[in-house]
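Architecture at a glance
One letter stands for each residue in the lines below.
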Amino acid sequence: MSQYWSKLVHALSPYVPGEQPKINNLIKLNTNENPYGPSPKVIAALQKEAADSLRLYPDPNSDALKQAIAEYHGLNANQVFVGNGSDEVLAHVFNALLKHDKPILFPDITYSFYQVYCSLYEIEFETVPLNDAFEIKVSDYFKPNGGVIFPNPNAPTGRLLALSEIERLLKQNTASVVVVDEAYVDFGGDSAVALVNRYPQLLVTHTLSKARSLAGLRVGYAVGHPDLIDALHRVKDSFNSYPLDRFAQAGAIAAMQDKVYFEETRQRVIKTREAVVNALEGLGFELLPSAANFIFTRHPQHDAETLATALREQKVIIRHFKKPARIAQFLRITIGTDDECKALVDALKNTLKM
Ligand SMILES: *Cc1c(COP(=O)(O)O)cnc(C)c1O
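Residues numbered from 1 in each chain as written. Predicted model: local features only at pLDDT ≥ 70, side-chain atom pairs only at ≥ 80, totals over all residues. Heavy atoms only, no water.

Let's talk about the pairing of strand 6 (residues 178–181)
This is how it is decided: Each residue's exposure class comes from its accessible area (1.4 Å probe, protein chains only) as a fraction of the maximum for that residue type: buried when under 20%, exposed when over 50%, partly exposed otherwise. Only DSSP runs of H or I reaching four residues or more are called helices, and only runs of E reaching two or more are called strands; each is numbered from the N terminus. One requirement defines pairing of two strands: DSSP has to find at least two bridges between them. When the strands point away from the viewer and the connection leading from the first strand across the helix to the second strand turns clockwise, the crossover is called right-handed.
Burial along strand 6 is two-sided: Val178 and Val180 and Val179 and Asp181, pointing in opposite directions, are all buried. The sheet contact formed by strand 5 (residues 148–151) and strand 6 spans 4 bridges and is parallel. If you follow Phe150 over to strand 6, its bridge partner there is Val180. In this region the chain leaves strand 5, passes through helix 6 (residues 163–172) and returns to the parallel neighbour strand 6; the handedness of that crossover is right-handed. Across 4 bridges, the pairing between strand 6 and strand 7 (residues 202–207) is parallel. Each residue of the ladder has a partner; that of Val179, found in strand 7, is Leu203.

See the structure below:
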């Protein structure tokens, strides 16, 4: 019945999220969720909210949440925008800040949603190849553009770009917005939030899905100059006045405020990552240095797809991107609990017969 479709819809090739399996007892290392639950204070806040006020619309502006995020980062609330997951925040960013005459720039190997948003909003883009070590070279972005966006650490490589390099890009790129998607920054990077008061063209996005264990709650945010934030509000209020429900707002506030729990769980993930890196190196895997809650790895003697299939048969699911060709032999593996990672290593040993 596609004769009823808007013209644009025919040309879309939507983002395909990692599998959320319907079978239990799989070890799920495929979508970069946090293996630890959210802070107990989040659960308490959700329970309180459930008892209270679902009859009423939520605060359309999420003012209390913006205040909590601003306090966490030492910024003002007018420098904060919140959305239903950082994917929604990014959608508004593409629409509000990255749609210009010149093409926007992003790495050839990166979060595949960027390209999807370009089709949805009919934005021209150019991809900039990572170097042979899968690093972003900022000087490759020193050219006229409608905007620049990349994750830091990058996905799915896990490689971190130094803050000094981001600053070098900002000094050069003043005529368009630079978006740094920091979905994974809490697992080993320095945040570019430290630069937003000095660079009015810088927008930094964060999610509560990864380091704050709230993928199911759907909360993300952007911080930057109030003028950038204003553009995002204009788009949001032309689209959905209430993107964050009462649970999302209450739970996210509690998550931002519980710094002790946050620190503890992220350090646990980092520690497990270092152990997994060592174990996989011991099995002959090559790994890119990871500053994220996942690793990106290949085995010089074993085909990636074969390995992924063998792991699945042993109830461990990981992510294998077949494209682009440069990463076809890599596997992206989320860091789980110590026990989950032990099961992963055992399954790999079993597969490699070691
Ligand atoms: C997970 C992820 C997001 C999206 O996070 P949500 O807040 O869950 O929508 C954004 N960017 C990158 C690079 C991610 O990996």
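Continuing now.
Overview of the side chain of Asn30
Worth spelling out the cut-off: Identification of polar contacts relies on pairs of N or O atoms within 3.5 Å, with a donor-acceptor requirement for protein atoms, meaning one able to donate a hydrogen and the other able to accept it, and with residues adjacent in sequence counted only if both atoms are side-chain atoms. By definition in these notes, contact holds between two residues if any of their heavy atoms fall within 4.5 Å.
Along the chain, Asn30 falls in the loop between strand 1 (27–28) and helix 2 (40–52). Judged by its relative accessible area of 3%, Asn30 is buried. A polar atom in the side chain of Asn30 sits 2.9 Å from the backbone oxygen of Glu19. Setting aside residues up to four positions removed in sequence, Asn30 forms contacts with Gly18, Glu19, Ile317, Ile318, Arg319, Arg332 and Thr334.

A short note on the site of the ligand
For clarity, the cut-off: Any residue with a heavy atom positioned within 4 Å of a molecule or strand is treated as near that molecule or strand. To measure how exposed things are, a 1.4 Å probe is used in the Shrake-Rupley method; for residues, cover is taken only from the protein chains shown. We call Asp, Glu, Lys and Arg charged. Ala, Val, Leu, Ile, Met, Phe, Trp, Tyr, Cys and Pro are nonpolar, and the rest, Gly among them, are polar.
The full set of residues close to the ligand is Gly85, Ser86, Asp87, Tyr111, Pro151, Asp181, Ala183, Tyr184, Thr207, Ser209, Lys210 and Arg218. Ser209 is positioned with one of its side-chain polar atoms (N or O) 2.6 Å from an oxygen atom of the ligand. Contact distances for the ligand include 3.0 Å between an oxygen atom and a side-chain N or O atom of Lys210. Protein coverage of the free-state accessible area of the ligand, which is 390 Å², stands at 92%. The dominant element in the shell around the ligand, judged by the number of residues it contributes, is helix 4 (residues 85–97), at 3 residues. Grouping the amino acids of the shell around the ligand by side-chain chemistry returns 4 nonpolar, 4 polar and 4 charged.

Re the layout of surface pockets
Here is the rule: With a 1 Å grid spanning the protein atoms alone, the term cavity applies to any set of points in which a 1.4 Å probe fits but cannot get out, the term pocket to an open set with protein on both sides within 12 Å along at least five of seven lines, and the term lining residue to any residue with an atom within 4 Å of a point. Grid points are joined across faces, edges and corners, and a volume is the space filled by probe spheres set on the points.
Of the volumes computed, that of the second largest pocket is approximately 290 Å³. Taken together, 13 residues line the second largest pocket, and the ones lying closest to its centre are Glu19, Ala308, Ile318, Arg319 and His320. The dominant element in the lining of the second largest pocket, judged by the number of residues it contributes, is helix 10 (residues 304–313), at 4 residues. Its residues placed into classes, the lining of the second largest pocket shows 4 nonpolar, 4 polar and 5 charged.

Some thoughts on the sheet that holds strand 9 (residues 286–287)
Each strand in a sheet pairs with another by means of backbone hydrogen bonds, the pair being arranged parallel or else antiparallel. Ordered by their spatial adjacency, 3 strands build an open sheet running 9-10-12, and the pairing between neighbours is antiparallel. Of all strands in the sheet, those with a lone pairing partner are strand 9 and strand 12 (331–334), marking the two edges. Alignment of strand 10 (residues 294–298) against strand 12, held across 4 bridges, turns out to be antiparallel. Following the sheet pairing, Thr297 is matched in strand 12 by Leu331.

What about the pattern of salt bridges?
Pairing between side chains of opposite charge can happen when the charged atoms of each approach one another. Put simply, the rule is: Any carboxyl oxygen of Asp or Glu within 4 Å of a side-chain nitrogen of Lys or Arg constitutes a salt bridge here.
The tally for this structure, following the rule as stated, stands at 14 salt bridges. Across the pair Lys322 and Glu305 runs a salt bridge whose closest N-O atoms are separated by 3.4 Å. Pair noted here: Lys322 is in the loop between strand 11 (316–317) and strand 12 and Glu305 is in helix 10, with a separation of 17 residues, a long-range link. Residue Glu305 is classed as partly exposed on the basis of its relative accessible area of 38%. The closest approach of N and O atoms between Asp346 and Lys342, which form a salt bridge, is 2.9 Å. In this pair, Asp346 and Lys342 both sit in helix 11 (residues 338–352), 4 residues apart, roughly one turn of the helix.

Here we look at a nonpolar patch on the surface
Spelled out, the test is: Patches draw on residues past 30% relative accessible area with no salt bridge. Two like charges within 9 Å are joined, as are two nonpolar side chains (Val, Leu, Ile, Met, Phe, Trp, Tyr) within 5 Å.
Nonpolar side chains collect at one region of the surface, where Tyr4, Trp5 and Val9 lie side by side and expose about 350 Å² of accessible area between them. For Trp5, the position within the fold is in the segment before helix 1 (7–10). Classification of Trp5 as partly exposed rests on a relative accessible area of 47%.

Details of the pairing of strand 2 (residues 80–83)
Here strand 2 shows a buried face lined by Val80 and Val82 and a second buried face lined by Phe81 and Gly83. When strand 2 meets strand 8 (residues 220–224), the two strands line up antiparallel, connected through 4 bridges. Looking at the pairing, Gly83 lines up with Gly220 of strand 8.

A word on the packing of helix 4 against helix 5 (residues 113–121)
How we decide: Fitting a line to C-alpha atoms yields each axis, with helices limited to the stretch in contact; the angle taken between N-to-C directions then spans 0 to 180 degrees. Any angle from 65 to 115 degrees is called roughly perpendicular, while one under 35 is roughly parallel, one over 145 is roughly antiparallel, and all others are oblique. The crossing is said to be left-handed when, going from far helix to near helix, the turn is anticlockwise and less than a right angle, and right-handed when the turn is clockwise.
Where helix 4 meets helix 5, the axes come as close as 10 Å, and the angle between the chain directions of the two elements is 50°. In terms of orientation, helix 4 lies oblique with respect to helix 5. The element helix 4 and its partner helix 5 pack so that their crossing is right-handed. From helix 4, Asp87, Glu88, Leu90, Ala91, Phe94 and Asn95 reach across to helix 5, where they touch Phe113, Tyr114, Tyr117, Cys118 and Tyr121. Partitioned by chemical class, the residues of the contact of helix 4 with helix 5 number 8 nonpolar, 1 polar and 2 charged.

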